[in-house]
There are 2 protein chains.
Amino acid sequence: MGSYNVEPTVTKNPLNPEEFRRQAHLVVDFLADYYSNIEKYPVCSQVEPGYLTKTMPESAPLQPEPIETILQDVHKHIIPGITHWQSPGFFGYFQSNGSTGNFLGEMLLTGFNTVGFNWLASPAATELEMVVMEWLLKLLQLPKSFSFCSDGGGVIHGSTCESFVCTLIAAREKKLNKFGTKRDDLGKFVVYCSDQTHFSLQKACQVVGINPDNVRSIETKKCMNFRLSNDALSSVIESDVRAGLIPLYACLTIGTTPTTAVDPLITLTDVAKRFDIWVHVDAAYAGSACICPEFRHFLDGIEGVNSFSFNPHKWFLTTLDCCCLWVRDRNDLTRGLSTNPELLKNKASDDKEVVDYKDWQIALSRRFRAMKLWMVIRTYGVTGLQDVIRKHVNLAKRFESLLVADNRFEVVVPRNFATVCFRIISPLALATRVSSDNGEDDSNRLTRTLLESLNGSGLVYMTHAVIDGIYVIRVAIGATLVEETHVNMLWDMVQEHVSDLLAKYVHII
Amino acid sequence: MGSYNVEPTVTKNPLNPEEFRRQAHLVVDFLADYYSNIEKYPVCSQVEPGYLTKTMPESAPLQPEPIETILQDVHKHIIPGITHWQSPGFFGYFQSNGSTGNFLGEMLLTGFNTVGFNWLASPAATELEMVVMEWLLKLLQLPKSFSFCSDGGGVIHGSTCESFVCTLIAAREKKLNKFGTKRDDLGKFVVYCSDQTHFSLQKACQVVGINPDNVRSIETKKCMNFRLSNDALSSVIESDVRAGLIPLYACLTIGTTPTTAVDPLITLTDVAKRFDIWVHVDAAYAGSACICPEFRHFLDGIEGVNSFSFNPHKWFLTTLDCCCLWVRDRNDLTRGLSTNPELLKNKASDDKEVVDYKDWQIALSRRFRAMKLWMVIRTYGVTGLQDVIRKHVNLAKRFESLLVADNRFEVVVPRNFATVCFRIISPLALATRVSSDNGEDDSNRLTRTLLESLNGSGLVYMTHAVIDGIYVIRVAIGATLVEETHVNMLWDMVQEHVSDLLAKYVHII
């Protein structure tokens, strides 16, 4: 590998402002054109595993290459391998919807590239984050106890999983600290959730060393719309207590990933309180909707919880990574996450005049993420953000009503937000008007085939869930560019594909 | 808060391509001008705690605001609160040096905003990461066992702390799995490092539930240039084993944060091997230098370790967040971090044809970080990147030689890379030619005062370390825009300020 040992070449400074200006303008136009043409690309990438590794050179290039060449390669090699999350035909997983305001914020935060581990390292980064988190607290009508004006506070994490990890540590250290639980008892701690809770919780438990056998994934039922029942929760906790285990933490969800189910906070937090359990509310997807007064009721009972998080990087016109977490007592969070090395000692921190966000998260370093959230909120305003939510909800309502009016389909759970879960009712089940095992299996098989056939078109992309044994297609309406015409197109396609499918089916039976 | 409940307004789509184009061009010019003018701003922000919270409105704006207004506010309110990490006068902490190539990569990855948790969710994101990690593996001459072609592989994390957490989990689960250690024995696991190791390791241990009493921070000495000694390591481990504890993990550092010390890998890994300890090498800062053949010897012995990480977001023209981690056995890493939820099931994953990076990190979601690293490597080429490293090292060499030639200063540890640690020798110590306690204290006090006085000028910014009781000024030379003229300016300032300081000092005694 001695070939890397070559003579230095004379080049411009890599941050030469005029070269920066020239090249960045090129990429702006590249991306504006990408958005203009985005509907021409298959939504889900059609490449085969290994497509890029086969194409790319095996070693890094020795010499600099011009931006024009690199952009040609992006077009030729990268774009075909991208699943276009910003496409209006993207209805998969949950959306991660970007926006111009967000993009400008990302440009600025990347351009400044401050490393805001503590206040001193870049005061604006810390203070803007505090400002934005207080704005959002008011917008979501979160309890005042979550505010910096009280004992609480908010922080921007990279992901819900990070918020799980940090609040699990907070709960663990609080229990160890307050109740004199011994560190040897760590193996007795138990965490509660439902079988609809995001699987990141399981992973977060694994990260912080909770015994995997002590994560209770409590069964939910279709008749309860997949909400966690307080009776079920109580009885599981009681049985653990009888077994000498220590209830530690419960995760409740507003808008679960499979079906956007909403766990009832009021009754469940009552149960948790009886056993002195830390309650975290994960509203990753649906939290954004709660800025509209007509959806705020889904957060009723939030006063009774210890922490709350939602992801602007899903449905708040903000790109990855941006998860907002609030806690009722910031000391709970910082107890387990603080460090105080000599290297970072400074007067403002020593005097406790400032927030040092390194003590609110896993990593030391942190990007200036508040910048993009601040840009989004100012660029669109509260009314603009509410408009976006309402537009998507109305599109989902319309799509749901079309499904309901067509007896070949079942909307499997009532829609709460802008995600619709549906399936085909198999003609066999329809004919016998009972949900026989065969009918069920046929419905699952047909629905899976429909999903594959729709996604195969390249015009749309959706994903699936299996709930209570039922295979459903999830239609998450929330890409920024989605308009009524795209939902109409989706409905036309669904009808066309299902007709073909059922024609073949009838032919077979 | 009913005031948020207002009628929808009609606005353009938040990703309208022409509006995107217009506004993004504005911000490109804003940032190019920022870089042109960066030397006009005080390097370290001079604001007081609370400066921004006092200025900003208490609630989010109801109506959209034009980008021109927002950019004015960035200029007026944000820039004064920024510590300018991209300024050529920034010599603090370790640099985080951005570049045009990196910026273009960040633009593209933000613009595409793919959420690449698994291969299918955006194949290009996964495959480009694999390509780039193999390029870097070759460039750093890492062992072939770390390659995807063998049992290893590389992944981009957000921070070194995340790499610590994930490799600690890998070590823990391997121990539990392979040796049948019981989960009840978790409290017996011990982690080893030196008193120079980055404090993030302590935090990572706390995160994964290692007993804080079981993290051994082994003392280093000035006479050993603050390198971890294998005798010290052996004897601490032996004593733990005798006490019935279980040695788990050791972190060795190439380029420690206080002084850029280099732990000797060859002898230390021999010790670790005897006790079957997972060895992680943290080369966060100095790893980048090892792409130059003349620095590669610092990695000698890397064949004997389990995992290795370095941060392109320090000294590789790449902005936050970007930490590259390689492991010798990818199954070790994924054993403790894998999840397999129904929602993400797909043929490519089921057939094990692809890498699903969600199983290599803490979070599920991940940004397309490979894009910026790929852009950096192609834009500058290997030779361009080596040039940057060598330029900074040569500037540091020059600064060191100026200090050495001036008997008022001591270079406290020999410079390994581009960071120089120096202090004032107090005239008292100089006069008596012994390092009396008084002389030591005076040196510390004088050096601290010098640092405060230099930073107070606003023209430069440096930070400090305390090693073996000695207070040193750290000069980390590595901002992208730094040129010889800035280092000359720094030297002129140091001489001027120290002359003033010593004049006062002599006056006092």
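Residues numbered from 1 in each chain as written. Chains lettered and ligands numbered in written order. Predicted model: local features only at pLDDT ≥ 70, side-chain atom pairs only at ≥ 80, totals over all residues. Heavy atoms only, no water.

Chemist: Provide a residue-level description of the overall build of chain A, including the pertinent values.
Modeler: A count of helices and strands for chain A gives 16 helices and 11 strands. The C-alpha radius of gyration computed for chain A amounts to 25 Å, which stays within 12% of the reference 23 Å derived for 509 residues, consistent with globular compactness. With respect to the three principal axes, the spread of C-alpha positions in chain A is 75 × 65 × 50 Å. Evaluated residue by residue, chain A yields a buried proportion of 68% over its 509 residues. Intrachain contacts of chain A at a sequence separation of at least 6 include 75% that bridge at least 24 residues. (Helix = DSSP H or I, 4+ residues; strand = E, 2+ residues; numbered from the N terminus. Rg over C-alpha atoms; globule rule 2.2 N^0.38 Å. Buried < 20%, exposed > 50% of the residue type's maximum accessible area, 1.4 Å probe, protein only. Contact = heavy atoms within 4.5 Å.)

Chemist: Break down the UniProt feature "modified residue: N6-(pyridoxal phosphate)lysine" (unreviewed entry) in chain A for me, with residues and values.
Modeler: Residue and element names in this part refer to chain A. Feature annotation in UniProt assigns "modified residue: N6-(pyridoxal phosphate)lysine" (unreviewed entry) to the following positions: Lys 314. If you trace the backbone, Lys 314 turns up in helix α10 (residues 312-315). Lys 314 sits in the buried class, given a relative accessible area of 16%. Apart from the residues lying within four places of it in its own chain, the contact partners of Lys 314 are Phe 94, Gln 95, Ser 96, Asn 97, Ala 284 and Tyr 285. (UniProt positions renumbered as here; feature names shortened; annotations may be inferred.)

Chemist: How would you summarise the sheet that holds strand β8 (residues 409-411) of chain A if you had to cite specific residues and measurements?
Modeler: Residues and elements named next belong to chain A. Reading across from one edge, β8-β9-β11-β10 is the order of the 4 strands in this open sheet, with antiparallel pairing throughout. The outermost strands of the open sheet, each flanked by one partner alone, are β8 and β10 (463-467). Each neighbouring strand pair of the sheet contributes to a mean axis angle of 40°, computed without reference to strand direction. Where strand β9 (residues 419-424) lies against strand β11 (residues 470-476), 4 bridges are found, and the strand directions are antiparallel. By the bridge assignment for β11, Val 420 is matched with Val 475. (Pairing = 2+ DSSP bridges. Axes fitted to C-alpha atoms, helices over the stretch in contact; angles between N-to-C directions.)

Chemist: Provide a residue-level description of the packing of aromatic side chains, including the pertinent values.
Modeler: Under the criterion given, the structure shown has 52 aromatic pairs over all chains. A centroid spacing of 6.0 Å and a plane angle of 80° characterise the contact between Phe 117 of chain A and Trp 85 of chain B, whose relative ring orientation is edge-to-face. Highlighted residues: Phe 117 of chain A in the loop between α4 (100-112) and α5 (123-139) and Trp 85 of chain B in the loop between α3 (67-78) and α4 (100-112), drawn from two different chains. Here Phe 117 of chain A matches Trp 85 of chain B in class, with each residue buried. Each member of the aromatic cluster is reached from another via a ring pair, and the members are Phe 20 and Phe 112 of chain A together with Tyr 34, Tyr 35, Tyr 41 and Phe 103 of chain B. Directly above the aromatic system of Phe 94 of chain A lies the positively charged group of Arg 474 of chain A, at a separation of 4.8 Å from the ring centroid. (Phe/Tyr/Trp six-rings, centres within 6.5 Å; stacked < 30°, edge-to-face > 60°. Lys NZ or Arg CZ within 6 Å of the ring centre and 35° of its normal.)

Chemist: Lay out the interface of chain B and chain A with the relevant residues and their values.
Modeler: Facing 162 residues of chain B, the contacting portion of chain A comprises 161 residues. Interface area, chain B with chain A, both sides summed: about 14500 Å², of which 67% is carbon and sulfur. For the salt bridge of Arg 21 of chain B with Asp 33 of chain A, the shortest nitrogen-to-oxygen distance reads 2.8 Å. Inspection of the chain B/chain A interface yields 65 residue pairs in polar contact (both at pLDDT 80 or more). Tallying contributions element by element places helix α1 (residues 17-37) of chain B first for the side of chain B that touches chain A, with 18 residues. Its residues placed into classes, the side of chain B that touches chain A shows 84 nonpolar, 47 polar and 31 charged. (Buried area = accessible area lost by both parts, 1.4 Å probe. Salt bridge = Lys/Arg side-chain N within 4 Å of Asp/Glu carboxyl O. Polar contact = N/O pair within 3.5 Å; in protein donor to acceptor, adjacent residues only side chain to side chain. Nonpolar A, V, L, I, M, F, W, Y, C, P; charged D, E, K, R; others polar.)

Chemist: With reference to specific residues and values, describe the sheet that holds strand β8 (residues 409-411) of chain B.
Modeler: Residue and element names in this part refer to chain B. Spatially, 4 strands are ordered β8-β9-β11-β10 in an open sheet, and the strand pairing comes out antiparallel. Sheet topology places β8 and β10 (463-467) at the edges, where each strand pairs with a single neighbour. Within this sheet the neighbouring strands show an average axis-to-axis angle of 40°, counted without direction. Here 5 bridges tie β10 to strand β11 (residues 470-476), and the two strands are oriented antiparallel to one another. Opposite Ala 465, over in β11, you have Val 472 as the bridge partner.

Chemist: Requested: an account of the pattern of salt bridges, with residues and values cited.
Modeler: Counted under the stated rule, the structure contains 62 salt bridges over all chains. Close ionic contact of Asp 29 of chain A with Arg 21 of chain B constitutes a salt bridge, the shortest N to O distance being 3.0 Å. Placement of Asp 29 of chain A in helix α1 (residues 17-37) and of Arg 21 of chain B in helix α1 is noted, with the two residues assigned to different chains. Residue classification places Asp 29 of chain A among the partly exposed positions, given a relative accessible area of 27%. You can call Arg 21 of chain B buried: its relative accessible area is 17%. With its nearest N and O atoms 3.3 Å apart, the salt bridge here joins Lys 188 of chain A to Asp 185 of chain A.

Chemist: Tell me about the packing of helix α8 (residues 230-242) of chain B against helix α9 (residues 265-274) of chain B, residues and numbers included.
Modeler: Residues and elements named next belong to chain B. Two numbers describe how α8 lies on α9: the axes approach to 9 Å, and their chain directions differ by 15°. With respect to each other, α8 and α9 are oriented roughly parallel. Relative to α9, α8 is oriented so that their crossing is right-handed. Contacts between α8 and α9 involve Asn 230, Leu 233, Ser 234, Ile 237 and Glu 238 from the former and Thr 267, Leu 268, Val 271 and Arg 274 from the latter. Class assignment for the residues of the contact of α8 with α9 results in 4 nonpolar, 3 polar and 2 charged. (Parallel < 35°, antiparallel > 145°, perpendicular 65-115°, else oblique. Left-handed = near helix turned anticlockwise from the far one by under 90°.)

Chemist: Got a sec to walk through the relation of the copies chain B and chain A? Specific residues and values, please.
Modeler: After a rotation of 180° and a shift along the axis of 0.0 Å, chain B superposes on chain A with an RMSD of 0.0 Å. Taken together, the rotation and translation describe the operation of a two-fold axis. Taking C-alpha positions as reference, the residue of chain B nearest the rotation axis is Val 208 of chain B, located at 2.1 Å. Most of the interface of chain B is mirrored in chain A, where 99% of its interface residues are also at the interface. (Least-squares fit on C-alpha atoms with pLDDT ≥ 70 in both.)

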